[in-house]
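Here is what each chain is made of, one letter per residue.
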Amino acid sequence: MIVPRWEWRTFGEHFGDAEDRIAALTPESVKESDELYLLTPVSGETVKVRDGLLDVKHLERVNEDGLEQWKPVLKEGFPLSSEAVSLALQALGVSATPARSVSTVDDLVRLSAELVAVPVRKRRVHYTLSGCMAELTDVQAEDRATRTIAVESEDPVRVIAAVRELGLGARPNVSFPRGLKTLLGVGAHRYAVIDVGTNSVKVHVGERRADASWSTIVDRAEVTRLGEGLDESGSLQPEPMERTTTAIASMAEEAKRDSVEAIAAVGTAGLRLAKNSADFVAAVQERCGVEIEVISGEEEGRLAYLAATSGLELGQGPLVVFDTGGGSSQFTFGRGKDIDERFSVNVGAARFTEHYGLDGAVSEETLAAAFEAIAGDLARLDGRPTPDALVGMGGAVTNLAAVKHRLTAYDADVVQGTVLDLDEIDRQIELYRTSSADERRRIVGLQPGRADVILAGACIVRTVIAKLGLEAATVSDRGLRHGLLLERFGA
C-alpha cells in the first residue's frame, strides 16, 4: 500500500544557520540524476520522467502548518498506455485529446502547446533529521541553478519539528514544480504583504500571472487596536501587543497555506511613535518569523499613491492621495504617476476617539471641539491649490463607502471608485454622533470593529475634503498593502 508523505521544501542560494546544522549530520547517500520535468503555467502537480519512467505525484491536501501531502499515483515506462496519458494530462491541467498510447516524451509534449519539458540535473544528499528524511539538493535547470532543502515523513509533526530544528520555520513551503517554475519564470507566483497599522492589521495575498497582471487570493483586515493607550503612555501596551502578534501569526500561517513565495510586512504610525516598537517587532519575528519594517510616513504615502494611481483612472492633472488610519494620515501630491510632495501628520482616528470620547454618542459641542482640533492638526493643507482629483483610502474611507452602498458583505469592486460627497459624509457623521457603539454595530455596511472609531475617521475625511476646496473624494479600496505588493513583487 502506498502511504502519502508530508513534505516541506524551500529554495535559495544560502540557508543561513541551517547550513551548519546540516553539515553536522552524517550523509546517508549521495545521488546524481538527470530528470525531465513537465510543466504548465496552471498546474502544481509533479509530473516528471526519471530512469525512463513517467512519475506522477498528486497533491492530496495542505494542512494548517502549510505542509503538503503528496501521493504517488503513477510510475510507468514508455510507451505509455492511454490511461497513463490521460492521468498525466489531467495532473498537468491541460485539455488535450490523448492518443491511444504515447511512445516517447516528445510525443507526450506535442499533445498540448501549454506543455513545457525542462531537463533538470540534481545532486541529492540524503540525511535523517528528527526521524525524517532530509535532502539537500543542487539543481541545474537549463542555464539556471539553485539549491533546495526538503524534509518529508509520513508524520507531519515530525516534519515540523525537523524544519524548526533547522531554523527554517519562517520560510514558506514551496513544492519542487512551483520552485522550478519560479526559477524559470513559468506560470503564476503568489506573494503576501501585511500592513500593521495603529488600529488594524491587513493582509493581502496576490497572484502575479505570467502576463504581469495580478489577481487577489486573500484580502482581509483584523481590528486589533495596537495603539490602544499609546497616546497617553507613549508605549505599546501588553494586551494590544499580544492581540496584534496573534493576528499577524495567523495571517502568516494563512499565507503559507496559500503557498506564497515570500511575505513582506510593514509597520506604520503606531510603531513609528511607540518607544517600545523594537520589542514588538522582535516578539513578532520570534513568534512567526515575520520581520516588520517600520516605514516612514513619507514612504507610506508614496506606496499609497502608487496603489491609487495603479487602480484608478485619474488623469494627468493635479492629484492628491490621502490615507487616513488609526494613528496618522499621509498625503501625497502629484500629477499622474509623478509625485511632487508627500508628508505625514499625526492625525488618526484612534487618538481623537480616545481624547474626545467619540466611541459613543456625543454632544454637538464635543463634536465641534473635535473638528476644531482636527482642523488645527491639518493646518498643513491650508492655502493649497484645489486639485483636479482627491483620492482617499484607509478603513474610515472604505467603511463610509460601504455604508453609503448598504453593503451587507464588503465588496471591494463596489467600494473601489465610489464618490463620497460632503452631504453623504455629513449624513453619516450625524448618524454616528447620535448613536452608541452598539447601535453603530447594527448599521448596514459598517464593520463592527470600526464602530468606535468611525466618527473620528469621518470627521478627518470631511476636514480633508473641505480644506482642499472640494465637494467630494474618490475612494480607493487599494491601499498601502497593494502599493507594497507592486513595489516588492512586481515583474
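Look above for the structure.
Because the structure is a prediction, the values reported are computed rather than measured.

Definitions and limits used
- Residues numbered from 1 in each chain as written.
- Predicted model: local features only at pLDDT ≥ 70, side-chain atom pairs only at ≥ 80, totals over all residues.
- Heavy atoms only, no water.
- Pairing = 2+ DSSP bridges.
- Helix = DSSP H or I, 4+ residues; strand = E, 2+ residues; numbered from the N terminus.
- Axes fitted to C-alpha atoms, helices over the stretch in contact; angles between N-to-C directions.
- Contact = heavy atoms within 4.5 Å.
- Salt bridge = Lys/Arg side-chain N within 4 Å of Asp/Glu carboxyl O.
- Buried < 20%, exposed > 50% of the residue type's maximum accessible area, 1.4 Å probe, protein only.
- Phe/Tyr/Trp six-rings, centres within 6.5 Å; stacked < 30°, edge-to-face > 60°.
- Core = buried A, V, L, I, M, F, W, Y, C linked by side-chain atoms within 4.5 Å.

Asker: Tell me about the sheet that holds strand S2 (residues 29-39), and name the residues and values.
Answerer: Pairing within the closed barrel is antiparallel, and its eight strands lie in the order S1-S5-S4-S3-S2-S8-S9-S10. Across the sheet, the mean angle separating the axes of adjacent strands is 35 degrees when strand polarity is ignored. With three bridges joining them, strand S1 (residues 5-12) and strand S5 (residues 68-77) adopt antiparallel strand pairing. Each bridged residue has a counterpart across the sheet, and for Arg5 the counterpart in S5 is Trp70. Packed onto the sheet, helix H4 (residues 156-165) meets S1, strand S8 (116-129), strand S9 (132-141) and strand S10 (144-153) and runs at close to 135 degrees relative to S10. Together, S1, S2, strand S3 (46-50), S5, S8, S9 and S10 form the strand contacts of helix H5 (residues 176-184), whose direction differs from that of S2 by roughly 70 degrees.

Asker: Go over the pattern of salt bridges, please, and point to the residues and values.
Answerer: Going through the model one piece at a time under the given rule, you end up with 35 salt bridges. The salt bridge partner of Asp438 is Arg441, with a shortest N-O separation of 2.6 Å. Residue classification places Asp438 among the partly exposed residues on the basis of a relative accessible area of 49%. When salt bridges that share partners are traced, they join Glu32, Asp34, Arg121 and Arg123 into one network.

Asker: Tell me about the environment of Gly490, and name the residues and values.
Answerer: Relative to the helices and strands, Gly490 is located in the segment after helix H18 (480-489). On the basis of relative accessibility, which here comes to 28%, the residue Gly490 falls in the partly exposed class. When the C-alpha positions of Gly490 and Ser213 are compared, they lie 9.3 Å apart, and in sequence the two are 277 residues distant.

Asker: Can you explain the packing of aromatic side chains? Please cite residues and give values.
Answerer: Counting across every chain of the model gives eight aromatic pairs. Considering the side-chain rings of Phe352 and Tyr356, the 6.4 Å spacing of their centres and the 10 degrees angle between planes classify their relative orientation as stacked. Within this pair, Phe352 and its partner Tyr356 are both found in helix H11 (residues 349-356), separated by four residues, close to a single helical turn. Judged by its relative accessible area of 2%, Phe352 falls in the buried class.

Asker: Go over the nonpolar core with me, naming the residues and quoting the values.
Answerer: The biggest cluster of nonpolar side chains holds 47 residues, and the ones touching the most others in it are Phe331, Leu390 and Val464. Looking at this core element by element, the count peaks at nine residues for helix H17 (residues 454-467). For Val464, the contacting residues outside a window of four places in its chain are Phe322, Phe331, Leu378, Leu381 and Leu390. Leu236, Ala252, Ala265 and Val284 belong to the second-largest nonpolar core, a separate cluster that totals 26 residues.

Asker: An account of unusual backbone geometry is needed here, citing residue identities and associated values.
Answerer: Excluding glycine, residues mostly carry a negative phi; peptide bonds, for their part, are mostly trans. Geometrically, the link from Phe78 to Pro79 is a cis peptide bond, its omega value of 0 degrees lying close to zero. Turning to its location among the elements, Pro79 is positioned in the loop between S5 and strand S6 (80-81). Non-glycine residue Glu142 carries a positive phi angle of around 55 degrees. Looking at the element boundaries, Glu142 is found in the loop between S9 and S10. Residue Arg225 is not a glycine yet carries a positive backbone phi of 50 degrees. In this structure, Arg225 sits in the loop between strand S13 (214-223) and helix H6 (230-233).

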